[in-house]
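Structural description and commentary
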Amino acid sequence: MSRIVMTAAAQMGPIARTEPRTAVVERLMALLHQAAARGAELVVFPELALTTFFPRWHLEDANLETFFETEMPGPETRPLFNAAKRLGLGFCLGYAERVAEAGRTRHFNTAILVGPDGSLLGKYRKIHLPGHAEPEPWRPFQHLEKRYFEVGNLGFNVFDGFGGKVGLCICNDRRWPETYRVLGLKGAEMILLGYNTPMHYPLAPEHDHLQGFHNHLCMQAGAYQNGAWVVGVAKAGKEEGCDLLGQSCIIAPTGEIVAQASTLGDEVLVHACNLDRCQEIRANIFNFTLHRQPQHYGVIAEASRGSAA
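Residues numbered from 1 in each chain as written. Predicted model: local features only at pLDDT ≥ 70, side-chain atom pairs only at ≥ 80, totals over all residues. Heavy atoms only, no water.

1. Some thoughts on the sheet that holds strand 5 (residues 120–125)
What the six strands build is an open sheet, ordered 5-4-3-2-1-14; its pairing is mixed. In this open sheet, the two strands that pair with only one neighbour each are strand 5 and strand 14 (267–274). Averaged over all pairs of adjacent strands, the angle between their axes in this sheet comes to 35°, without regard to strand direction. Here strand 1 (residues 4–11) pairs with strand 14 via eight bridges, running antiparallel. Its bridge partner lying in strand 14, Ala9 is registered against Leu269. The strands that helix 1 (residues 21–37) touches are strand 1, strand 2 (42–44), strand 3 (90–101) and strand 14; relative to strand 14, the one it contacts most, it runs at about 45°. Sitting on the sheet, helix 3 (residues 78–87) is in contact with strand 3 and strand 4 (104–114), with an inclination near 145° to strand 3. (Pairing = 2+ DSSP bridges. Helix = DSSP H or I, 4+ residues; strand = E, 2+ residues; numbered from the N terminus. Axes fitted to C-alpha atoms, helices over the stretch in contact; angles between N-to-C directions. Contact = heavy atoms within 4.5 Å.)

Structure below.
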């Protein structure tokens, strides 16, 4: 009997800097209801789904802290959890997390996986932080993730849920093949990720026209080379003057896009993801046990390696 997971990619349009959490949560709940009406059992939301993408500004501490969640669920997000539980839906949610750990306050770009009964199945903190740590006035907008977040400290892990093995990552993680390979080696059959991706890349503007191509290229390659479903979900559209890429999609283990958003606004895609299809790849061309040669891959994990070009 096939293991089918009815999966929804819940793309969001722009979130204004002044839009209150309560209004955003109402939008998320509307997407939940749309997904439920179409038979979904798992809904995937974007990175930093509760706020505008605040790393585009250089913010002082008092203003910065308003974008972080200190508990999950909290008073403003509990209605989302309650609605999902009533509908019998699990979900993946990205948000900015502030937590007291190791005797100090820490900040992470975080995603959680919640089961249909409201239980926390897993948590991931973004590892590949892009951008820069100090303000650079020459940029048309900032990308201060390295200033506002620490590198995630939970590793790449796979969680039991929805009849299979589910891995999480966030935005820039999707560009790194190591992300998918570690999750694949740990048995992930479905990889869920949200992103907020500007259409303009200030460091190499000649690549702007390739943003959509590169977005799908890395996710399709990761799906195919590791025999896993990949669900990539955007916050899209013109947000506070910054154009964000859409193209939310669901990708089969063969690397084929089986569903894709057609707008830059709030939109729900649903696809019946058969987890057993992972074996089409894993039992054949990318049979890890039969074909991998890890004794030759040591350089991948050597921190001293890399180009400074």
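2. Observations concerning the side chain of Arg56
With respect to the secondary-structure elements, Arg56 resides in the loop between strand 2 and helix 2 (61–65). On the basis of relative accessibility, which here comes to 4%, the residue Arg56 falls in the buried class. Beyond its immediate chain neighbours, meaning those up to four positions away, Arg56 contacts Phe141, Gln142, Glu239, Glu240, Cys242 and Leu244. (Buried < 20%, exposed > 50% of the residue type's maximum accessible area, 1.4 Å probe, protein only.)

3. Examining the side chain of Arg125
Assignment of secondary structure puts Arg125 in strand 5. Of the polar contacts made by the side chain of Arg125, one reaches the side chain of Glu101; its length is 3.1 Å. Leave out the neighbours within four places in its chain, and Arg125 touches Glu97, Val99, Glu101, Phe108, Asn109, Thr110, Gly152, Asn153 and Leu154. (Polar contact = N/O pair within 3.5 Å; in protein donor to acceptor, adjacent residues only side chain to side chain.)

4. Here's the deal with a nonpolar patch on the surface
Taken together, the side chains of Trp138, Tyr201 and Leu203 make up a nonpolar region of the molecular surface, amounting to roughly 360 Å² of accessible area. By secondary structure assignment, the location of Tyr201 is in the loop between strand 8 (190–195) and helix 6 (211–226). Judged by relative accessible area, which is 39%, Tyr201 ranks as partly exposed. (Patch = residues over 30% accessible without salt bridge, like charges linked within 9 Å, V, L, I, M, F, W, Y side chains within 5 Å. Areas by Shrake-Rupley, 256 points an atom, 1.4 Å probe, with all protein chains shown as cover. Salt bridge = Lys/Arg side-chain N within 4 Å of Asp/Glu carboxyl O.)

5. What about the packing of helix 1 against helix 3?
Contact pair helix 1 / helix 3: the axes reach a minimum separation of 9 Å and the direction vectors enclose 10°. Considered as vectors, helix 1 and helix 3 are oriented roughly parallel to each other. Touching Val25, Leu28, Met29, Leu32, His33 and Ala36 of helix 1 are Pro79, Leu80, Ala83, Ala84 and Leu87, all from helix 3. Residue composition of the contact of helix 1 with helix 3, grouped by class: ten nonpolar, one polar and no charged. (Parallel < 35°, antiparallel > 145°, perpendicular 65-115°, else oblique. Nonpolar A, V, L, I, M, F, W, Y, C, P; charged D, E, K, R; others polar.)

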